[in-house]
Structure formats: structure tokens, C-alpha cells
Amino acid sequence: MQLYPALIIDALRTVRYPGTGRNVVEMGMVGDDMRIAGLHVSFSLLFSRPSDPFRRSLVKACEAAIHAHVSRDVEVEIKITSATPGQAEEQPLLPGVRNIVAVSSGKGGVGKSTVAANLAVALAQMGLRVGLLDCDISGPSVPKLFHVEDARPYSEPVDGRDLIVPIEKYGVKMLSIGFFVDPTKPTLWRGGMASNALKQMIGEAAWGALDYLVLDTPPGTSDIHLTLVQTIPLTGAIVVSTPQEVALADARKGINMYRNEKVGVPLLGLVENMAWFTPREHPAERYYIFGRGGVERLAEEVGTPLLGQIPIVQSLCELSDQGTPPALDPTDPLGHAFAQLAAHVVTETDRRNQTLEATQIVQVKR
């Protein structure tokens, strides 16, 4: 088989850059250094910034396109090159978002998604522009917590790009993989597929201008967390835990992940969920069924604020199942707890922004 440049270029015209929807040839991303020797082809892919989140996926897409449209026998060698100093720098992925806050937990079952959802609602109740991104690809919770399981986001053209329009309820713009998959079937995706889906919900959505984008991350430390810190600059992280020691041990791992020198995401503080149980009939009583003050002690140990203590009450489960976040009613004791949490988050975010430099995207070194 005889290879020639036009064959390769035609194949590459089928590869679209996710951030714009235009193909890589049209965007001038294919370098002029193409070399063909027998069934071996090499060329450069030009990116306008070293931290482009789609570098890796585009290389694989170009290889796949050549194998599909030319021949599977072709050996493909692609060099990644950053833009020359004279070229314009690409716009940030989320230019209209002022603060990006990740809500995390070391382990599952501590109520992280409930805290993230109610934090978003409480911030919106303060008059702020808020988005909520469900980053848990395997176990999305946001559609259920807002009773929008049947919602199906659509796309619309924005500045020449087709962008996903988030679902909006209670003043919160939200996206979740749960809007796009069958809720009765498991999402059996490898890490790369999950990461690419998350990047699409970040970079190909019409988030618009936001004061806060709250990220409901999956429990533990995983590919998703790495994808986030490599794709967008997080303003800070919040770690949620229950007071019991087994949860606190995992919370420490989450704290250390964000504070790792290679990650460098500031910790805004900790949230103690299920801090105590209060029976509906006796609202003044407190029963510390998971231990007392464990997260408060951990906050002192690691030198970070305790942002809030959220009690267990019967109405939390009932309202969550109904898709009515308790934070909608700040006069209710539970709603008041989430309102206080939101106020403390705003205070700590402002302090962080006044005293620290902007977080940098984690660079991938190969």
C-alpha cells in the first residue's frame, strides 16, 4: 500500500477538537512536519497551551482515525507540541466561573452528595449564581436529590459551538451523567471513558457566569479526582466526614490528596455530617450515635476550619427522597445548618482568594 500526505490529512479531518467542534486540520493543529516512510507516518499536533485537557484523547483519536480510514497496518507516531510564543493563548475552560469548589469524602456513605446539593442551594439562597456538577460517574445522585430524574439536557449553539444546557432548579444549574444514561443500569465505563465524559460536562456546557461551581466528587481518591485537577483550577476543596474513627481515617487521605505538593489545592475546611441525632418529637435533644466531635478534632489537628456540623433528622431523608433540599428553608433547624455552612464557605473562599495565588492546573508529565 502506498501512503501519501493527502490520505492522512483526509483521515484527520474526521477528528474534532472537543472544545470547539472543529476538526484538527481546520484548526491548524496538524504540523507541517509530516514524514512518511513506507507504512510509518509521523507528524506533530500543535496545542496552544501545555495544559490542554484534550491532548491525550486527541492523540488517540488521530491514531484511530488513520487506522479506520487508511489502514490498520499504518504505524503512527504523533509528537505533541505547544504553541510558539507568538501565538495567542487559548481562553480558560470556564472563563465565567469565579470559584470552583470540590466537595469530597474519604469514603462513601457519609452524605457528601447531600451536603454538596444543599450547599449549592444555600449559596443560591444567598443570591449567588451557582452551578452543581455531579462528578460521580458510577453513582450519580444529583438527579434524585433534585427530583429531576426525567430531565434530558439539550444543546444549543453558543459562539459557534453546540453546548449542553444545564438543568436548572432552585436557582442551581446542574449537570450529571445521570441525565444521559439509563438509571436502572450500571455505568460500566473504564477510567478513560469516565474522565472524557466528565471533561465534556465541564468544557462543553453552557455554564455561563457563575459565582460558584460546586463539584460533587466520588468518594475516595480516583481517576476522576486526577482528571479534575488536571482540567480545571480548583479554588478549594471541602472534605465531608462523619465523627466515627473509620470515616476520619479515610478523610485524612482525602485531605492529604489535595494538600499533596503535586496537586496543591487549598483546603477550605471540613464538614461534620451526621454530627448527632435529634428526634422529631424532642428537637432540643442530641444523641451522638457516631461519636462526638471527631471532625472538630481532625480540623484542629490538620489546621483547617470546621465549616459546619449537620445533624441527622428524620426530615432530611424524607425531603431528599422528595427532591426538596432542606436548605430551601433557612428558618428550619436543618436548613439553618446548611445556611451557616454556605456562609462559612463564602467567608473561607474570600479569605483564600485574598491570601493565596490562583490554583494552577496540575501538569501531566510523560
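Residues numbered from 1 in each chain as written. Predicted model: local features only at pLDDT ≥ 70, side-chain atom pairs only at ≥ 80, totals over all residues. Heavy atoms only, no water.

1. Topic: the sheet that holds strand β2 (residues 40–47)
Okay, so step 1: Overall, mixed pairing links the three strands, which are arranged β1-β2-β3 in an open sheet. This sheet does not close on itself; its edge strands, each paired only once, are β1 (35–37) and β3 (75–82). Averaged over all adjacent pairs, the angle separating strand axes in this sheet is 20 degrees, with direction ignored. (Pairing = 2+ DSSP bridges. Helix = DSSP H or I, 4+ residues; strand = E, 2+ residues; numbered from the N terminus. Axes fitted to C-alpha atoms, helices over the stretch in contact; angles between N-to-C directions.)

2. A few points about the sheet that holds strand β9 (residues 172–176)
Okay, so step 1: Taking strand neighbours across the sheet as the criterion, the eight strands line up as β8-β9-β5-β10-β4-β11-β12-β13 in an open arrangement whose pairing is mixed. Here the strands that pair on one side only, and so sit at the sheet edges, are β8 (167–169) and β13 (306–312). Averaged over all adjacent pairs, the angle separating strand axes in this sheet is 25 degrees, with direction ignored.
Okay, so step 2: Judged from the six bridges that link them, strand β4 (residues 97–105) and strand β10 (residues 210–216) form a sheet pairing that is parallel. Bridging across to β10, Val 103 finds its partner in Asp 216.

3. Details of the side chain of Ser 71
Okay, so step 1: Its location among the elements puts Ser 71 in the loop between α2 (55–69) and β3.
Okay, so step 2: Relative accessible area serves as the criterion here: at 13%, Ser 71 is assigned to the buried category.
Okay, so step 3: A polar contact is formed between the side chain of Ser 71 and the backbone nitrogen of Asp 73, at a distance of 3.0 Å.
Okay, so step 4: Sequence-distant contacts of Ser 71, defined by excluding residues within four places in its chain, comprise Met 1 and Ile 66. (Buried < 20%, exposed > 50% of the residue type's maximum accessible area, 1.4 Å probe, protein only. Polar contact = N/O pair within 3.5 Å; in protein donor to acceptor, adjacent residues only side chain to side chain. Contact = heavy atoms within 4.5 Å.)

4. Some remarks on the packing of helix α1 (residues 5–12) against α2
Okay, so step 1: Relative to each other, α1 and α2 sit at 120 degrees, their axes nearing to 8 Å. By the angle class used here, α1 and α2 are oblique. By crossing handedness, the relation of α1 to α2 is classed as right-handed. Between α1 and α2, the contacting residues are Ile 8, Ala 11 and Leu 12 on the first element and Cys 62, Ala 65, Ile 66 and His 69 on the second.
Okay, so step 2: Its residues assigned to classes, the contact of α1 with α2 comprises six nonpolar, one polar and no charged. (Parallel < 35°, antiparallel > 145°, perpendicular 65-115°, else oblique. Left-handed = near helix turned anticlockwise from the far one by under 90°. Nonpolar A, V, L, I, M, F, W, Y, C, P; charged D, E, K, R; others polar.)

5. Comments concerning the environment of Pro 5
Okay, so step 1: In this fold, Pro 5 is placed in helix α1.
Okay, so step 2: As for Pro 5 and Val 214, which are separated by 209 residues in sequence, their C-alpha atoms are 46 Å apart.

6. With respect to the pattern of salt bridges
Okay, so step 1: Evaluation of the coordinates by the stated rule reveals nine salt bridges.
Okay, so step 2: A salt bridge links Arg 22 to Glu 26; the shortest N-O distance between them is 3.5 Å.
Okay, so step 3: Across the salt bridge formed by Glu 149 and Lys 144, the nearest N and O atoms sit 3.7 Å from each other.
Okay, so step 4: Relative accessible area serves as the criterion here: at 24%, Glu 149 is assigned to the partly exposed category.
Okay, so step 5: Shared partners join several salt bridges into a network, and the residues in it are Arg 98, Arg 129 and Asp 211. (Salt bridge = Lys/Arg side-chain N within 4 Å of Asp/Glu carboxyl O.)

7. Regarding the pairing of β2
Okay, so step 1: Where burial is concerned, most of β2 is hidden: six out of the eight residues are buried.
Okay, so step 2: Summarising the sheet, β1 and β2 pair through three bridges and their orientation is antiparallel. Among the inter-strand pairings, Ala 37 is bridged to a residue of β2, identified as His 40.
Okay, so step 3: The turn linking β1 back onto β2 is made up of two residues, and Gly 38 within it adopts a positive phi angle of 65 degrees.
Okay, so step 4: As paired strands, β2 and β3 are joined by eight bridges and run parallel to one another. Among the inter-strand pairings, His 40 is bridged to a residue of β3, identified as Glu 75.

8. Some thoughts on helix α7 (residues 245–259)
Okay, so step 1: For α7, built from 15 residues, the straight-helix expectation of 21 Å at 1.5 Å per residue is met to within 8% by its first-to-last C-alpha distance of 21 Å.
Okay, so step 2: Of all the residues in α7, the buried ones are Ala 247, Leu 248, Asp 250, Ala 251, Gly 254, Ile 255, Met 257 and Tyr 258. For α7, the arc enclosing every buried residue in end-on projection is 165 degrees, short of the 170-degree limit, so these residues lie on one face. Counted as exposed and oriented over 90 degrees from the buried face of α7: Glu 245, Lys 253 and Asn 256. (Expected span 1.5 Å × (residues − 1). Arc of directions from axis to C-beta.)

9. A short note on helix α3 (residues 112–125)
Okay, so step 1: The terminal C-alpha atoms of α3 lie 20 Å apart, and with 14 residues this matches the ideal 20 Å at 1.5 Å per residue to within 8%.
Okay, so step 2: Counting buried positions along α3 yields 13 of 14 residues, so the element is predominantly enclosed.
Okay, so step 3: Gly 127 lies just past α3 and shows a positive phi near 90 degrees.

10. A word on the pairing of strand β7 (residues 161–164)
Okay, so step 1: Here strand β6 (residues 155–158) pairs with β7 via four bridges, running antiparallel. Residue Glu 156 lies in a different strand from β7, and its bridge partner there is Leu 163.
Okay, so step 2: Counted between consecutive antiparallel strands, the loop separating β6 from β7 contains two residues, among which Asp 159 sits at a positive phi close to 50 degrees.

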